[in-house]
Number of protein chains: 4
Amino acid sequence: MKTQQAKNKWIAKLHEVIYGTHTPAGRLFDIILLVIIVYSVIIVMLESVPWIDQHYHKFLNYSEWVVTILFSIEYILRIISIRQPRKYIFSFFGIVDFLSTIPKYLSLFLIGSQYLTAFRILRLLRVFRILKLVRFVGESNNLIRALNASKTKIFVFVFFIAVISILLGTVMYIVEGPDNGFNSIPHSVYWTVVTLTTVGYGDISPQTPLGQFIATIVMIIGYGIIAVPTGIVSAEYASGMNTAKKMDAGRACTECGSEILRADAHYCRQCGNKLREEE
Amino acid sequence: MKTQQAKNKWIAKLHEVIYGTHTPAGRLFDIILLVIIVYSVIIVMLESVPWIDQHYHKFLNYSEWVVTILFSIEYILRIISIRQPRKYIFSFFGIVDFLSTIPKYLSLFLIGSQYLTAFRILRLLRVFRILKLVRFVGESNNLIRALNASKTKIFVFVFFIAVISILLGTVMYIVEGPDNGFNSIPHSVYWTVVTLTTVGYGDISPQTPLGQFIATIVMIIGYGIIAVPTGIVSAEYASGMNTAKKMDAGRACTECGSEILRADAHYCRQCGNKLREEE
Amino acid sequence: MKTQQAKNKWIAKLHEVIYGTHTPAGRLFDIILLVIIVYSVIIVMLESVPWIDQHYHKFLNYSEWVVTILFSIEYILRIISIRQPRKYIFSFFGIVDFLSTIPKYLSLFLIGSQYLTAFRILRLLRVFRILKLVRFVGESNNLIRALNASKTKIFVFVFFIAVISILLGTVMYIVEGPDNGFNSIPHSVYWTVVTLTTVGYGDISPQTPLGQFIATIVMIIGYGIIAVPTGIVSAEYASGMNTAKKMDAGRACTECGSEILRADAHYCRQCGNKLREEE
Amino acid sequence: MKTQQAKNKWIAKLHEVIYGTHTPAGRLFDIILLVIIVYSVIIVMLESVPWIDQHYHKFLNYSEWVVTILFSIEYILRIISIRQPRKYIFSFFGIVDFLSTIPKYLSLFLIGSQYLTAFRILRLLRVFRILKLVRFVGESNNLIRALNASKTKIFVFVFFIAVISILLGTVMYIVEGPDNGFNSIPHSVYWTVVTLTTVGYGDISPQTPLGQFIATIVMIIGYGIIAVPTGIVSAEYASGMNTAKKMDAGRACTECGSEILRADAHYCRQCGNKLREEE
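Predicted, not measured: the structure shown is a model, and the values here were computed from it.

### Side note on the overall build of chain A
Helix and strand content of chain A: 10 helices and 2 strands. When each of the 279 residues of chain A is scored for burial, the buried share is 46%. When contacts within chain A are restricted to residue pairs at least 6 apart in sequence, long-range pairs at least 24 apart make up 50% of them. Accessible surface computed for chain A: about 15200 Å², of which carbon and sulfur atoms make up 66%.

Have a look at this one:
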């Protein structure tokens with residue numbers, strides 16, 4: 001009985017360290033994890049450089065094994081310390097964690113499986129989760145809110161660009177043709193996107209005067225519509241900032257943003273939202 | 001008499017399904033149409049890829065015929081079910097629908113007419129019409145309003161870019177000359193637009209020090225004026241959003257945007273606009 | 001005496017037609033002038049295309065002469081009809097008008113002077129002057145106001161880009177060196193501007209890993225600071241729009257923008273500005 | 001005793017001339033310094049152009065020596081005239097000043113040390129310090145304030161771009177591989193940044209259809225997120241401008257920005273901030 005209790009207590013503490021960020025130990029764990037993730041990503045990147053791989057193959061291989069074993073231990077501890085292991089295992093980060101650990105073991109039996117190590121890079125996304133909890137909460141939240149608010153608008157916009165790209169790409173395919181590098185409609189659409197987004201590689205570029213004239217129009221369209229997503233995000237962000245400011249100045253309802261006139265109010269007079277006491 | 005009435009009723013129902021979007025049947029028709037349009041566009045795109053066309057020519061050809069026949073039926077039904085067929089036939093979408101159907105039939109008699117199939121891609125524009133009616137009305141409307149409000153300004157701006165491009169293109173033609181790839185003034189103007197819009201293919205690039213110096217200035221100008229259309233759309237969009245928000249908060253007149261103070265008001269106290277009852 | 005008076009009257013009318021835009025005749029004159037300017041610019045552009053010049057040399061040459069003679073007559077009439085001819089002759093447009101007329105005459109005596117014909121393109125700038133007076137006054141004015149208000153800020157910004165370009169260009173010259181296409185510091189600075197402004201020709205691009213790493217930083221800097229001029233113009237433009245809107249709503253002082261409360265006010269109660277009567 | 005006092009007075013005056021900008025002499029000193037810095041930067045740039053260095057080597061070398069000696073004198077005077085020479089010597093500008101002077105002397109003993117002369121370009125940064133004090137204070141301050149306010153946000157954003165670049169770069173390395181120019185993951189990440197920022201050199205570009213499809217998505221992402229930093233700076237800048245405007249209009253508290261209603265107020269009625277008397 002007591003052993004069980006002690007075990008439970010031990011697991012609760014482990015949970016706090018691994019998943020929590022409020023205790024010094026939890027924070028330390030996150031920072032160490034962060035360092036190892038960044039280190040492992042650098043290893044994967046360096047391994048892909050032929051010159052470095054030739055000279056430091058042994059060191060990189062050992063580093064890989066050390067990181068893999070550390071990640072394996074972390075993975076097992078995460079499963080042990082959580083109440084519903086399934087929920088973790090099939091969550092986004094659970095799958096990523098698994099995929100970051102397994103390739104190195106597979107490479108003992110299967111050749112070519114080391115490419116899967118690249119999945120480890122997805123662990124970098126955990127950085128946001130960790131950092132978010134430490135410092136940038138306020139910052140990111142406003143950003144995320146603005147992006148969320150303009151999500152549908154940006155989707156409509158991207159959709160519009162897709163349609164316009166297919167239309168203009170087809171026109172360019174007919175005008176320039178395979179002789180000038182526009183081999184097929186998908187290839188022309190690729191060129192149109194390259195031009196509309198003002199990237200402009202120059203691997204394909206119009207050769208006929210008519211093609212160049214149409215390209216000019218495509219560019220000016222692209223230049224003109226660059227304004228649209230910018231305008232949307234600017235406006236949404238500014239609007240979010242104003243709301244935040246209002247809340248800083250007098251007290252304001254966190255639900256509807258209307259001003260709280262009386263200091264002793266407990267409910268918003270506009271929307272009936274229960275007000276949090278000021279700290 | 002009764003047959004006529006039954007026929008009329010049948011046509012009215014057909015009209016509702018084909019042109020309407022409020023009944024489940026009408027919505028289903030639009031979604032199926034959308035799927036077929038997207039499918040036909042993919043077919044056209046894949047047909048233009050030499051490698052795919054060689055291997056799957058038969059399948060693509062059959063798909064073409066199926067889509068063409070479906071489009072033909074749709075076209076005929078559209079003409080039957082509308083009161084003024086002429087209005088539809090000579091409308092933008094009427095012409096597009098006709099041009100998407102006819103090329104395949106022509107290809108039996110005329111060689112080379114399959115290029116016209118590309119017109120089918122214009123049917124993609126119908127996507128906006130369909131989607132607009134289904135979900136994104138609010139979203140698009142605000143976007144369209146902002147773009148409409150800044151239409152003249154963006155026109156002036158594009159005009160300004162055109163004039164500046166001709167001026168700078170001529171200067172570059174004189175400075176660099178045909179030996180460095182600036183073959184003619186139109187070609188130089190093309191280069192100027194490529195540079196001003198920050199696309200930068202690199203198919204032509206200045207070779208002389210003086211040309212590179214002028215190019216530097218052109219780029220900074222382009223970088224500087226990218227701000228202008230963005231600023232315009234941002235401001236217009238933000239202004240539109242504020243008006244929309246005002247209407248969300250208290251009740252506001254839909255005409256002049258001034259606040260409606262009394263809940264029992266039937267006319268705007270500022271502009272006399274008849275107010276809609278709140279839902 | 002009477003002849004003098006008649007002549008004066010005739011000159012006054014000529015002045016009205018040439019310089020004015022309020023009478024139908026003045027507007028017609030401006031439109032015809034605009035058409036001829038655009039036509040002459042197209043001629044100059046086409047002349048520079050070798051293929052077109054070979055086939056239509058005669059036609060282009062005659063067109064040139066016709067345009068030159070029309071411009072000459074216009075130039076003389078402008079001098080006659082104005083009170084202070086000197087003011088016009090030495091004004092910006094006076095010099096442009098003179099330089100657009102003279103090269104064709106010079107080409108009879110001097111070989112190579114036809115390049116000066118390119119000055120004619122500067123006449124296109126007159127387009128703005130004419131259009132401004134006809135339709136886009138309101139539109140352009142707000143744009144010009146916004147650009148004017150952010151003039152110094154944009155200057156500081158451009159200056160900042162110049163300094164950063166020289167610094168980064170020098171670093172890249174030391175890192176990459178002449179072997180990788182960075183022939184000299186001015187050349188490297190050119191590359192830096194090409195990269196910072198996101199133009200990216202690709203005529204020079206970093207080859208060493210370190211150079212590519214620095215290039216990456218340069219790009220992200222460029223991407224980050226693209227926000228600055230956009231932000232400035234957006235804010236200025238929005239601020240201008242708000243002022244304009246305020247004036248549309250109640251009556252507002254044109255000087256300080258404060259609202260005019262009493263309809264019978266003749267002076268602004270805030271700044272003492274004499275108010276214009278409402279139309 | 002008197003000599004000491006005279007010396008002190010002389011040093012105080014020297015300090016005022018060199019470090020101060022309020023006296024005419026101080027301003028003159030700064031302007032002359034600015035001219036010499038710009039001149040020395042031009043010399044360094046021209047020296048790196050092989051053609052110019054060959055023809056004008058002697059002149060450039062003499063100029064170098066003159067500038068070096070002037071800078072040496074300035075450096076010594078700066079040390080003499082300041083109370084705590086150490087603070088200056090180990091400050092950013094102290095080190096820059098030292099590094100701009102020493103290379104020319106070193107070049108007498110060591111070959112190849114002339115590359116260090118490039119450090120002189122860092123002195124250009126002094127331009128901002130000087131100009132800031134002379135004219136653009138107001139302008140820059142608002143700009144700097146806006147950039148400062150959005151610092152963390154832009155950092156989060158840059159961090160986000162870095163993570164996304166590594167992820168997408170790895171995907172492209174696996175898809176395209178070394179055969180199509182994506183030699184290693186760092187190289188692919190470089191390509192991703194080039195594409196995301198819409199620079200698009202074209203030195204590496206996707207060759208496989210799948211790679212081009214992914215590239216298309218990368219470009220649209222890049223195009224979409226260009227909106228984010230712009231939106232942030234726009235909003236911050238506009239917010240700063242509004243505050244500034246409020247202060248211009250009625251009198252406003254410099255702490256909380258609330259309006260001062262009574263002209264004879266000495267403390268802000270909102271936050272109790274001691275108000276500065278109006279000038």
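### A look at unusual backbone geometry
At Thr198(A), a position not held by glycine, the phi torsion is positive, near 60 degrees. Given a relative accessible area of 2%, Thr198(A) falls into the buried group.

### Examining the interface of chain B and chain D
Every contact between the two is made by 4 residues of chain B and, on the other side, 4 residues of chain D. Taken together, the two surfaces of chain B and chain D that pack against each other cover about 160 Å², and 24% of this comes from carbon and sulfur. The tally of links from chain B across to chain D stands at 0 salt bridges. The tally of links between chain B and chain D comes to 0 residue pairs in polar contact (both at pLDDT 80 or more). Of the residues in the side of chain B that touches chain D, the class split is 1 nonpolar, 3 polar and no charged.

### Some details on the confidence of the model for chain A
All names here are of chain A. In the predicted model, chain A carries a mean pLDDT of 76, and the fraction of residues at 70 or more is 72%. When pLDDT is averaged over each helix and strand of chain A, the minimum, 45, is found for strand β1 (residues 251-252) and the maximum, 90, for helix α8 (residues 185-196). A low-confidence stretch, residues 133-137 stays under pLDDT 50, and its non-local contacts, those more than four residues away or across chains, total 7 contacts. Contacts from residues 246-265, a stretch scored under 50 in pLDDT, to residues over four places away or in other chains number 38 contacts. In the predicted assembly, ipTM is 0.75 and pTM is 0.77.

### Brief notes about the interface of chain D and chain C
Accessible area lost upon the coming together of the parts serves often as the stated size of an interface. Tallying the contact residues gives 46 residues for chain D and 44 residues for chain C. Taking both sides of the interface into account, the surface hidden between chain D and chain C amounts to around 3800 Å²; carbon and sulfur atoms contribute 77%. There are 0 salt bridges connecting chain D and chain C. On the surface where chain D and chain C come into contact, there are 5 residue pairs in polar contact (both at pLDDT 80 or more). At the level of secondary structure, the elements contributing two or more residues to the side of chain D that touches chain C comprise α2 (24-47), α6 (126-134), α7 (137-149), α8 (151-176), α9 (185-196), α10 (209-225) and α11 (227-248) of chain D. If you tally residues by element for the side of chain D that touches chain C, the top one is α11(D), at 8 residues. Tallied by class, residues from the side of chain D that touches chain C come to 33 nonpolar, 9 polar and 4 charged.

### Thoughts on the UniProt feature "transmembrane region" (unreviewed entry) in chain A
Residue and element names in this part refer to chain A. UniProt feature "transmembrane region" (unreviewed entry): in the numbering of this structure it lies at residues 28-47, 59-77, 154-175 and 213-238. Between the C-alpha atoms that bound residues 59-77 there is a distance of 27 Å. The span itself is 100% helix and 0% strand. For residues 213-238, helix accounts for 96% and strand for 0%, while the C-alpha atoms at its two ends are 38 Å apart.

### Details of the side chain of Glu74(A)
Assignment of secondary structure puts Glu74(A) in helix α3 (residues 50-81). Excluding residues within four positions of it along the chain, Glu74(A) makes contact with Phe29(A), Leu33(A), Asp97(A) and Arg123(A).

### Some points on the relation of the copies chain B and chain D
With an RMSD of 0.1 Å, chain B superimposes on chain D once it is rotated by 179 degrees and translated 0.0 Å along the axis. Such a turn and shift between the copies fits a two-fold axis. The share of interface residues of chain B whose copies in chain D are also at the interface is 100%, consistent with both copies meeting through the same surface.

### Points about the side chain of Asp97(A)
Residues and elements named next belong to chain A. Counting through the fold element by element, Asp 97 comes out in helix α5 (residues 92-109). Of the residues examined, Asp 97 reaches a relative accessible area of 2% and is grouped as buried. Within the structure, Asp 97 has its side chain in polar contact with the side chain of Tyr 88 (distance 2.6 Å). Those residues within four positions of Asp 97 in sequence are excluded, and the remaining contacts are Glu 74, Tyr 75, Arg 78, Tyr 88, Arg 123 and Arg 126.

Calculation criteria
Residues numbered from 1 in each chain as written. Chains lettered and ligands numbered in written order. Predicted model: local features only at pLDDT ≥ 70, side-chain atom pairs only at ≥ 80, totals over all residues. Heavy atoms only, no water. Helix = DSSP H or I, 4+ residues; strand = E, 2+ residues; numbered from the N terminus. Buried < 20%, exposed > 50% of the residue type's maximum accessible area, 1.4 Å probe, protein only. Contact = heavy atoms within 4.5 Å. Areas by Shrake-Rupley, 256 points an atom, 1.4 Å probe, with all protein chains shown as cover. Buried area = accessible area lost by both parts, 1.4 Å probe. Salt bridge = Lys/Arg side-chain N within 4 Å of Asp/Glu carboxyl O. Polar contact = N/O pair within 3.5 Å; in protein donor to acceptor, adjacent residues only side chain to side chain. Nonpolar A, V, L, I, M, F, W, Y, C, P; charged D, E, K, R; others polar. pLDDT = per-residue confidence, 0-100. UniProt positions renumbered as here; feature names shortened; annotations may be inferred. Least-squares fit on C-alpha atoms with pLDDT ≥ 70 in both.

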